[in-house]
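Spelled out, the chains give:
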Amino acid sequence: MGKKKKAIVIGSGIGGSGIAALLQHSGEYDVRLFEKNGLVGGRFASYRRDGFRLDVGCHLIANCDKGTLGEILEILGCPDAVQWRYARGPKPAFNFKGERIKFPHEIHKLGFNNDELQGIMQFLMETGSIPEDQWDAWDDRNMLDQLEKYVQNDRARIIFGILSGIYFVIRDHETPVGEWVRCNRMFEENKSSGYPIGGTGAVPEAYVRALRELGGEVCLATPVRRILVEDGVARGVEQRDGTVHEADLVISNAGLKPTVNHLVGRGHYGQEVLEKIDAYTYSEAVFMVKVALDTVFVENENMVMFMGRDDQAELQRELDEGIIPEVASQAMIPILSNMDPSAAPEGKQLLIVGGGVNGQPLDTPRSEWSKWEAPFLNALEMVFPGIREHILWTVTTSPADVDRLFGEEGNVIGIGQKVGQVGDRRPAMEDPAIRNLYHCSADTGMHGIGGELAADSALRLYRKLCG
Ligand SMILES: Cc1cc2nc3c(=O)[nH]c(=O)nc-3n(C[C@H](O)[C@H](O)[C@H](O)COP(=O)(O)OP(=O)(O)OC[C@H]3O[C@@H](n4cnc5c(N)ncnc54)[C@H](O)[C@@H]3O)c2cc1C
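Residues numbered from 1 in each chain as written. Predicted model: local features only at pLDDT ≥ 70, side-chain atom pairs only at ≥ 80, totals over all residues. Heavy atoms only, no water.

**Student:** Account for the packing of aromatic side chains, naming residues and giving values.
**Tutor:** Enumeration according to the criterion identifies ten aromatic pairs in this entry. On the numbers, 5.2 Å between centres and 75° between planes, the contact of Phe52 with Trp393 is edge-to-face. Of this pair, Phe52 sits in strand E4 (residues 52-55) while Trp393 sits in strand E18 (residues 391-397), and the two are 341 residues apart along the sequence. By the burial criterion, Phe52 is buried, and Trp393 matches it. When the centroid spacing of 6.4 Å and the interplanar angle of 35° are considered together, the rings of Trp372 and Phe376 count as tilted. (Phe/Tyr/Trp six-rings, centres within 6.5 Å; stacked < 30°, edge-to-face > 60°. Helix = DSSP H or I, 4+ residues; strand = E, 2+ residues; numbered from the N terminus. Buried < 20%, exposed > 50% of the residue type's maximum accessible area, 1.4 Å probe, protein only.)

**Student:** Account for a positive patch on the surface, naming residues and giving values.
**Tutor:** Taken together, the side chains of Lys66, Arg88, Lys91 and Lys191 present a region of like positive charge at the surface. By the secondary structure assignment, Lys66 is in the loop between E4 and helix H2 (68-76). (Patch = residues over 30% accessible without salt bridge, like charges linked within 9 Å, V, L, I, M, F, W, Y side chains within 5 Å. Areas by Shrake-Rupley, 256 points an atom, 1.4 Å probe, with all protein chains shown as cover. Salt bridge = Lys/Arg side-chain N within 4 Å of Asp/Glu carboxyl O. Lys, Arg positive; Asp, Glu negative; His and termini not counted. Charge placed at Lys NZ, Arg CZ, Asp CG, Glu CD.)

**Student:** So what's going on with the environment of Thr222? Residues and values would help.
**Tutor:** Secondary-structure assignment places Thr222 in the loop between strand E9 (217-219) and strand E10 (224-230). Note: C-alpha distance between Thr222 and Gly347 (125 residues apart in sequence) is 39 Å. Contacts of Thr222, omitting those with residues within four sequence positions, involve Phe34, Glu35, Lys36 and Gln239. In terms of polar contacts, Thr222 uses its side chain to reach the backbone carbonyl oxygen of Leu220, at 2.7 Å. (Contact = heavy atoms within 4.5 Å. Polar contact = N/O pair within 3.5 Å; in protein donor to acceptor, adjacent residues only side chain to side chain.)

**Student:** So what's going on with the site of the ligand? Residues and values would help.
**Tutor:** Around the ligand sit 34 residues, and of these Gly15, Glu35, Arg43, Leu60 and Ala442 come closest. A distance of 2.8 Å is found between an oxygen atom of the ligand and a backbone nitrogen or oxygen belonging to Arg43. Ile413 is positioned such that a nitrogen or oxygen atom in its backbone is 3.1 Å from an oxygen atom of the ligand. Notes on the ligand: free accessible area 1,000 Å², of which the protein chains cover 94%. When contributions to the shell around the ligand are tallied by element, the ones reaching two or more residues are helix H1 (14-26), strand E14 (286-293), helix H15 (399-406) and helix H16 (451-466). (Near = heavy atom within 4 Å.)

**Student:** Describe unusual backbone geometry, with residues and values.
**Tutor:** For Asp50, which is not glycine, the phi torsion reads 50° and is therefore positive. Relative to the helices and strands, Asp50 is located in the loop between strand E3 (46-49) and E4. Here Lys191, not a glycine, exhibits a phi torsion of approximately 45°, which is positive. With respect to the helices and strands, the residue Lys191 is situated in the loop between helix H7 (177-190) and strand E8 (194-196).

**Student:** Could you give an account of the sheet that holds E10, naming the residues involved and the relevant values?
**Tutor:** If you trace the three strands from one edge of the open sheet to the other, you get E10-E11-E12, paired in antiparallel fashion. Across the chains shown, the open sheet's two edge strands, defined by having one partner strand only, are E10 and strand E12 (244-246). On average, adjacent strands in this sheet sit at an angle of 30° to one another, irrespective of strand direction. When E10 meets strand E11 (residues 233-239), the two strands line up antiparallel, connected through six bridges. (Pairing = 2+ DSSP bridges. Axes fitted to C-alpha atoms, helices over the stretch in contact; angles between N-to-C directions.)

**Student:** Can you break down the environment of Leu274 residue by residue, with the values?
**Tutor:** Examined against the element boundaries, Leu274 turns out to sit in helix H10 (residues 271-279). Residue class for Leu274 comes out buried when judged on its relative accessible area of 7%. Taking the C-alpha atoms as reference points, Leu274 and Leu362, 88 residues apart in sequence, are found 23 Å from one another.

**Student:** Can you explain the packing of H2 against helix H8 (residues 202-213)? Please cite residues and give values.
**Tutor:** It is the contact of H2 with H8, at a shortest axis distance of 11 Å, that shows an interaxial angle of 20°. The angle between H2 and H8 falls in the class roughly parallel. Relative to H8, the crossing made by H2 is left-handed. Residues Leu69, Ile72, Leu73 and Leu76 of H2 touch H8, and the partners they reach there are Val203, Ala206, Tyr207 and Ala210. (Parallel < 35°, antiparallel > 145°, perpendicular 65-115°, else oblique. Left-handed = near helix turned anticlockwise from the far one by under 90°.)

**Student:** Describe in detail the packing of H1 against H16, supporting the description with residues and values.
**Tutor:** Remark: H1 packs on H16, axes separated minimally by 8 Å, with the N-to-C direction vectors making an angle of 30°. One finds that H1 runs roughly parallel with respect to H16. Considering the relative orientation of H1 and H16, their crossing is right-handed. In contact with Ile14, Gly15, Gly18, Ile19, Leu22, Leu23 and Ser26 of H1, H16 contributes Gly451, Ala454, Ala455, Ala458, Leu459, Leu461, Tyr462, Leu465 and Cys466. For the contact of H1 with H16, the class distribution of residues is twelve nonpolar, four polar and no charged. (Nonpolar A, V, L, I, M, F, W, Y, C, P; charged D, E, K, R; others polar.)

**Student:** Help me get a handle on the sheet that holds strand E19 (residues 437-439), residues and values and all.
**Tutor:** Strand pairing within a sheet occurs via backbone hydrogen bonds; the two strands may be parallel or antiparallel. With respect to topology, five strands assemble into an open sheet ordered E9-E2-E1-E13-E19, the strand pairing being parallel. Among the strands making up the open sheet, the edge pair consists of E9 and E19. Adjacent strand axes in the sheet meet at a mean angle of 20° when their direction is disregarded. The sheet strands contacting H8 are strand E2 (29-34) and E9, and the helix crosses E9 at an angle near 130°. Its contacts with the sheet put helix H9 (residues 256-265) on strand E1 (5-10), strand E13 (249-252) and E19, and the angle it makes with E19 is roughly 145°.

In structure tokens:
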């Protein structure tokens, strides 16, 4: 074998840690990974507090070992480096204004008339059976228009809107039908949604462990200040303290826009390219309350999706005006320590309640962000009456916190999988102007949900670079 090429990876999110480990494993590259934070994993990172283990962001993984996150471990030859707990028994539940509903079997409990019910069932059946060879074409149509062909009802819109929110963290009118069907089909076939034992951080930590064991280098708390470019070619990186590292190849996990705008510099790009990059929009951001309980209060639930409202017009008004409601209109409530008992000390419980924040601007002061805690705790109390008395402490994570740690306006996914920004219309992995510079993050994943979209990018780049 010839001399190994030197690769530098900027960022240890799923895309960064995944591609770093895969390239080192290929035997063709020597990889050095730089992460600006002290923790590995980006939006997937986990940390401990008072014996509880908290994830910075995520709650549920779409396909666990059977999805792209597991595929990376397979290629690395360590499929068991992460243990997964499927969220099957019991399956995620719906809670409508305090009443538990099994979805979609008990959808009749939501007060639809027969015509509406028939419309919803037809919508589910016909949309779900769109053949695979048509999914790409259906990516040009949105879920709201699709639903409204069958039923025009605020409550139905809100229910299916919640799914767009949970899958892609975007609105129903932006959600491509093709991607929705594609992801649903994977759920149905794999039946492996769940949670990694050890927290979401266990996944990037396993990638980084593999990278180190294979001889790669990991530099935490080491921000890259800029990517060095000479004659249109990436030559290496410069750390914030001025240290320079040369490389044959630079891969940025920092996101397309931050890489172009800050690490390379806009001066290296033509106007047309910049306009295209500027036009991409992010998914939305969420507010999360991580709740530590003094007892195991919730039994036999892994995940609850709460829907507190069905007055779409009023909701829209509150959204447009940035109003903080008394009870969160929608919330996702994963009961983490029921899926992974190691998330809480014996006899205690950890759960998260979180959701959208009505377009609250990022520069909202901390005191204002904290006002979002009450609506989510009120929603939690509606779902599990009496739970409030058992709260030991809470930790809130606002979009501004996520932005401070990982950038990209604190959004959840990266560049959103919206109509016009999905499949082969997502940003390319090759930088549009700089040779030997690649992008590898959720921004450049083609398909999948959240972390799996980022892992998809790592797998595609690995296949591109290692044939
Ligand atoms: C609140 C929340 C909830 C979520 N829920 C889920 C969920 O339930 N399921 C799911 O699958 N996904 C979920 N996601 C989405 C998922 O976490 C992301 O899509 C995915 O982790 C993004 O990975 P990435 O590879 O794009 O990199 P990121 O996670 O964005 O990481 C990029 C890394 O680059 C580093 N970096 C940036 N600039 C520099 C620099 N100059 N020098 C060095 N390092 C740098 C950052 O510190 C960061 O570690 C959630 C995200 C959030 C925020």
